[in-house]
Amino acid sequence: MTDFSKTEINVYKKDYSNYRILIVSTSWNREIIDVMQEDAISELKGFNVNHIDSVEVPGAFELSQAAEKFISSYDAVLALGTIIKGETYHFEVLAHETARSLSRVSLSNKKPVIFGVLTTDNELQAKQRAEVKGSAYTKRLRRLQDKFTNEAASEKKALSPKSTADSIKGYL
């Protein structure tokens, strides 16, 4: 029988200490947003992210505007808000446009922008979901940031003069 008690397992742990993360959040429904933001910050600190800034905007529609303005100074943006369904079509339009515009910011800047906006039928749903969503959004941000970082490294390697010359030799 094999004795595993003395076996060392080396788990790769990425260093996030130099990452710069911006949290953009709404002033609407602040008591709900505060719960998500505290949860998100706690999760980021658990991954040793040392540089976390935050900026507050009036509502969900303005999240993408702030993300676009500041994204060049950060590695990723976490957008937090909540849109609670009312009696008009405004809810659907606002939720759709907020998601679309945040996605556009991410794609045009080639950096992660996480849609951390709760879209709920009522305030009770929003409060219940807020308790766990801050850390869930942060985990998504970290996984996506890792993906962006790995792809950028692969692209840089693929475009280096040596590997380009090697690629050309392979075709000749």
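Relevant structure appears above.
First things first, this report covers the structure right here in the doc. (Residues numbered from 1 in each chain as written. Predicted model: local features only at pLDDT ≥ 70, side-chain atom pairs only at ≥ 80, totals over all residues. Heavy atoms only, no water.)

## A word on the pairing of strand β2 (residues 51-57)
No. 1: Relative to β2, strand β1 (residues 20-26) runs parallel, the two being bridged by seven bridges. Within β2, the position partnered with Val24 by the bridge is Val55.
No. 2: Taking the sense of rotation as the criterion, the β-α-β connection linking β1, helix α1 (residues 30-46) and β2 turns out right-handed. (Pairing = 2+ DSSP bridges. Helix = DSSP H or I, 4+ residues; strand = E, 2+ residues; numbered from the N terminus. Right-handed = clockwise from strand over helix to strand, strands pointing away.)

## Thoughts on empty space enclosed by the protein
No. 1: Counted according to the given criterion, the structure contains one cavity of 30 Å³ or more.
No. 2: Contributing to the lining of the largest cavity are Tyr16, Tyr19, Ile21, Leu44, Phe47, Val49, Leu141, Arg142 and Gln145.
No. 3: The residue makeup of the lining of the largest cavity, split by class, is seven nonpolar, one polar and one charged. (1 Å grid on protein atoms, 1.4 Å probe; cavity = no way out; pocket = protein on both sides within 12 Å on 5 of 7 lines; lining within 4 Å. Points joined across faces, edges and corners; volume = space filled by probe spheres on them. Nonpolar A, V, L, I, M, F, W, Y, C, P; charged D, E, K, R; others polar.)

## Focus: the pattern of salt bridges
No. 1: In the structure shown here, the tally under the stated rule is seven salt bridges.
No. 2: Note that Lys14 is salt-bridged to Asp146, the shortest N-O span being 3.7 Å. With Lys14 in the segment before β1 and Asp146 in helix α4 (residues 123-158), this residue pair connects regions lying 132 residues apart in the sequence.
No. 3: Here Glu92 and Lys85 are joined by a salt bridge, their closest N and O atoms 3.7 Å apart.
No. 4: The exposure class of Lys85 is partly exposed, given its relative accessible area of 38%.
No. 5: Taken together, the shared-partner salt bridges connect Arg30, Asp34 and Glu56 into one network. (Salt bridge = Lys/Arg side-chain N within 4 Å of Asp/Glu carboxyl O. Buried < 20%, exposed > 50% of the residue type's maximum accessible area, 1.4 Å probe, protein only.)

## Looking at the sheet that holds β1
No. 1: Read across the open sheet, the four strands follow the order β2-β1-β3-β4; overall the sheet is parallel. The sheet is open, and its two edges are formed by β2 and β4 (113-120), each paired on a single side. Put simply, the sheet's adjacent strands are angled 15° from each other on average, direction ignored.
No. 2: Lying on the sheet, helix α3 (residues 90-109) is in contact with β3 (76-84) and β4; it crosses β4 at an angle near 170°. (Axes fitted to C-alpha atoms, helices over the stretch in contact; angles between N-to-C directions. Contact = heavy atoms within 4.5 Å.)

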